[in-house]
Structures are given as structure tokens and as C-alpha cells.
Amino acid sequence: MEIPPDYHMHTPLCRHAEGEPTEYAAQAVKIGLYEIGFTEHAPMPGDDFDNWRMLESEMDLYHEKLDHAEKENPEINILRSLEIDYLPGYNEWIKSLSKCYEWDYLIGSVHYLEEKWSFDHPDHCEAWVGKDLKSVWAEYYTRLIESVEIGIFNIIGHCDLIKIFGHRPDFDLAPLWIPFLEEVKRQDIAIEINTGGIKKPCSEMYPEPALLEIAAKMQIGITFGSDAHKPKRVGENFDAAVELAKRSGFTHYRRFLKGEFESVPF
């Protein structure tokens, strides 16, 4: 089976990943991938926003590292992207990032809720104590919908990241998922199957099978990403991810180039 591209991986510029892009590319070649995409955590205004992203001053260095990876690994196609955080009030910043380079695609993600709560960060997991799960999950999907509505992103990343520490409300989540997926469909963008969740406390890929089944029925596009922060994680568990996609009802995945996509059958 041909392995789909890994469209979600990081570099040491985010300050919590190991290995240079050329090592990730070499690992991708080793396991038989024909295409990958780097999606470093995009800068936010000011260097002190948090401590887990690339700085604006490092954007040229990012491209230099990817140039080197291309030169050292001519056997594989390397795409250029960013994983951009969506927060209310930052739409103009997001738009400026989208225009500062000819990206092959852009991933939109939600990592922050409330004023500035990084809900998925292991150093902040104690902040979950006493939270109203219904309100937290509702806010998360409201922000995901808003991220789609701005019309910048090609892919929405790990679209149930909110489950990372296992804090899940005890009611049917479909009423939260469906409005989000309807907006994804309206914009004709993709969601990703992100295998990184397997290594997290939730112990499963993002998103969960029930969400994927709804998305497949709506004929929403999908991509695949490992969220690799180490070279050995590139393409990790992709066989299982493809099988999950097929079981959920998907027949195609998306490939990107310069902001345009094509649908590729499994």
C-alpha cells in the first residue's frame, strides 16, 4: 500500500522538537513516503507569547533548514507549511502569515481557550480541575468553527485535541461536531487524521472514529499527520490511520501543492 504524505511535523525551532528537518526527511524516505510537509508552530506577535513556537525572526532560518532538507533528500517531495494557532482577535495576524510566503498549505489549530489557557500543555493540565466540561468543549468547537470561517486554512489540525487528557463530557458530542464539520464542508477544506494522540493520555488518534464517520458521510477531505517532534515518529502508525479512514468510509485523501489540492484514492 502506498503511504499517504505526512503533512504534520515540526522542527527544533519550536523549542520542543528534536532533530533537523533533513533527519525527518531521511526517515520518511526510509519508511517509503513519497511526500512530507513541515508545519512549524507559527509565530505570534511578540517573542514572549509562549515558549513553544518559532519566532518571527526565524522564518528565514526555517526556510533555510527546509532548503537543506531538500538538497540532502532529493528522493522525496518536501512541502512548506505552518501550523497557525487560531485565537479570537488575531485574524489580521493570521492573514499576514498566510501571505508572507507561498505556502503549499496551512494548518489551523486551536491550542488556547479562555483568555490564554493552553489546555493541551502538560504544564497546564492542573487548570482542568473544576472546569465545566460542557462549557470547555463548546468553547473549543466554537473556536474551531471561527478558525474555518476566516478562509485561510487548508487543513484543520487534530480536531478533537480537547480530549488529550481524557476530560470528556458524558453526553452525545455530535451536536458539537456537526456545525464544525458543516463549515469545513462549506469551505471545502480538510481535517487531518493525526496519529500523535496515540502517545498522549487519551491514547487514540485525533479525531475519534465517531467524528470521522460523520465527516466521511459528509464527504469531507482528509489528510494524515504524525505531529512528529522526533524523526523516528515520521509516518508513525500510518497503516492503522489509513485503515481507520477506510473503516470510517473515506475513499480518498488530499495532496497539496501551492494551496491547491487533488483527491487521491486509497
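Our subject is the structure that appears above.
As a starting point, this report considers the structure included with it. Worth saying up front: this structure is predicted, and the values here are computed from it rather than measured.

**As for helix α5 (residues 174–187)**
Then step 1. With 14 residues, α5 extends 20 Å from end C-alpha to end C-alpha; this agrees with the ideal 20 Å at 1.5 Å per step.
Then step 2. Taken together, the buried positions of α5 are occupied by Ala174, Leu176, Trp177, Phe180, Leu181, Glu183 and Val184.
Then step 3. Where the residues of α5 are buried, they touch α4 (133–149), β6 (155–156), β7 (190–194) and α6 (209–217).
Then step 4. Looking at the residues trailing α5, positive phi occurs at Asp188, about 55°.

**Looking at the nonpolar core**
Then step 1. Leu82, Phe180 and Ile191 are the most contacted members of the largest nonpolar core, which has 82 residues in total.
Then step 2. Residues in contact with Leu82, not counting those within four places in the same chain, are Phe38, Thr39, Glu40, Ala42, Met54, Met59, Tyr62, Leu97, Trp103, Tyr105, Leu106 and Ile107.
Then step 3. Grouped together as the second largest cluster of nonpolar side chains are seven residues, Leu79, Tyr105, Ile107 and Ala190 included.

**What about the pattern of salt bridges?**
Then step 1. Counting across every chain of the model gives 19 salt bridges.
Then step 2. With a shortest N-O distance of 3.8 Å, Lys258 and Glu102 are connected by a salt bridge. Linking Lys258 in the loop between β9 (252–257) and β10 (260–265) with Glu102 in the loop between α3 (91–99) and β3 (107–109), this pair joins segments that are 156 residues apart in sequence.
Then step 3. Residue class for Lys258 comes out partly exposed when judged on its relative accessible area of 48%.
Then step 4. Residue Arg254 is joined to Asp188 by a salt bridge in which the shortest nitrogen-to-oxygen separation is 2.6 Å. Taken as a pair, Arg254 in strand β9 and Asp188 in the loop between α5 and β7 lie far apart in primary sequence, 66 residues in all.
Then step 5. Under the relative-accessibility criterion, Arg254 is labelled buried at 7%.
Then step 6. With a relative accessible area of 40%, Asp188 lands in the partly exposed category.
Then step 7. Salt bridges here are not isolated pairs; linked through shared partners, they connect Glu35, Arg255 and Glu262.

**Considering the side chain of Glu192**
Then step 1. By secondary structure assignment, the location of Glu192 is in strand β7.
Then step 2. No salt bridge is formed by the buried Glu192; the nearest opposite charge belongs to Lys163, separated by 11 Å.
Then step 3. In this structure the side chain of Glu192 is engaged in a polar contact, spanning 2.9 Å, whose partner is the backbone nitrogen of His158.
Then step 4. Residues in contact with Glu192, not counting those within four places in the same chain, are His8, Ile107, Ile155, Ile156, Gly157, His158, Tyr206, Pro207, Thr223 and Gly225.

**Here's the deal with the layout of surface pockets**
Then step 1. Volume-wise, the largest pocket comes out at about 640 Å³.
Then step 2. Taken together, 31 residues form the lining of the largest pocket, with His16, Asp120, Lys200, Asp227 and His229 sitting closest to its centre.
Then step 3. Along the lines of polarity and charge, the residues of the lining of the largest pocket split into nine nonpolar, 13 polar and nine charged.
Then step 4. Of the pockets and cavities examined, the second largest pocket occupies roughly 170 Å³.
Then step 5. Counting residues per element, the ones that place at least two in the lining of the second largest pocket are β8 (221–225) and β9.
Then step 6. For the lining of the second largest pocket, the leading source of residues is β9, giving three residues.
Then step 7. Split into classes, the residues belonging to the lining of the second largest pocket amount to five nonpolar, six polar and one charged.

**Here we look at empty space enclosed by the protein**
Then step 1. Under the counting rule described, the total for this entry stands at one cavity of 30 Å³ or more.
Then step 2. Of the voids in this model, the largest cavity is the one considered here, and its volume is about 50 Å³.
Then step 3. Lining the largest cavity we find Pro43, Met44, Gly46, Asp47, Asp48, Phe49, Asp50, Arg53, Met54, Leu55 and Glu56.
Then step 4. When its residues are assigned to classes, the lining of the largest cavity shows five nonpolar, one polar and five charged.

**Focus: the packing of α4 against α5**
Then step 1. At their nearest, the axes of α4 and α5 sit 9 Å apart, and the two run at 5° to each other. On the basis of their axis angle, the class for α4 and α5 is roughly parallel. Of the residues in α5, those in contact with Trp137, Ala138, Tyr141, Leu144, Ile145, Val148 and Glu149 of α4 are Leu176, Trp177, Pro179, Phe180, Glu183, Val184 and Gln187.

**Brief notes about the packing of aromatic side chains**
Then step 1. Enumeration according to the criterion identifies 19 aromatic pairs in this entry.
Then step 2. Both rings, one in Tyr101 and one in Trp103, keep their centres 5.2 Å apart while their planes meet at 55°; by these two values the pair is tilted.
Then step 3. Relative accessible area serves as the criterion here: at 6%, Trp103 is assigned to the buried category.
Then step 4. Ring centres of Phe119 and Tyr140 lie 5.6 Å apart, and the angle between their planes is 80°; this geometry places the pair in the edge-to-face category. Of this pair, Phe119 sits in the loop between β5 (117–118) and α4 while Tyr140 sits in helix α4; the two residues are 21 residues apart in sequence, bridging distant segments of the chain.
Then step 5. For Phe119, a relative accessible area of 0% gives the class buried.
Then step 6. Judged by relative accessible area, Tyr140 falls into the buried class, the value being 0%.
Then step 7. Members of the aromatic cluster, connected to one another through ring pairs, are Trp117, Phe119, Trp128, Trp137, Tyr140, Tyr141 and Phe180.
Then step 8. Directly above the aromatic system of Phe49 lies the positively charged group of Lys116, at a separation of 4.0 Å from the ring centroid.
Then step 9. The aromatic ring of Phe261 is capped on one face by Arg254, whose charged end is 3.7 Å from the ring centroid.

Definitions and cut-offs
- Residues numbered from 1 in each chain as written.
- Predicted model: local features only at pLDDT ≥ 70, side-chain atom pairs only at ≥ 80, totals over all residues.
- Heavy atoms only, no water.
- Helix = DSSP H or I, 4+ residues; strand = E, 2+ residues; numbered from the N terminus.
- Expected span 1.5 Å × (residues − 1).
- Buried < 20%, exposed > 50% of the residue type's maximum accessible area, 1.4 Å probe, protein only.
- Contact = heavy atoms within 4.5 Å.
- Core = buried A, V, L, I, M, F, W, Y, C linked by side-chain atoms within 4.5 Å.
- Salt bridge = Lys/Arg side-chain N within 4 Å of Asp/Glu carboxyl O.
- Lys, Arg positive; Asp, Glu negative; His and termini not counted.
- Polar contact = N/O pair within 3.5 Å; in protein donor to acceptor, adjacent residues only side chain to side chain.
- 1 Å grid on protein atoms, 1.4 Å probe; cavity = no way out; pocket = protein on both sides within 12 Å on 5 of 7 lines; lining within 4 Å.
- Points joined across faces, edges and corners; volume = space filled by probe spheres on them.
- Nonpolar A, V, L, I, M, F, W, Y, C, P; charged D, E, K, R; others polar.
- Axes fitted to C-alpha atoms, helices over the stretch in contact; angles between N-to-C directions.
- Parallel < 35°, antiparallel > 145°, perpendicular 65-115°, else oblique.
- Phe/Tyr/Trp six-rings, centres within 6.5 Å; stacked < 30°, edge-to-face > 60°.
- Lys NZ or Arg CZ within 6 Å of the ring centre and 35° of its normal.

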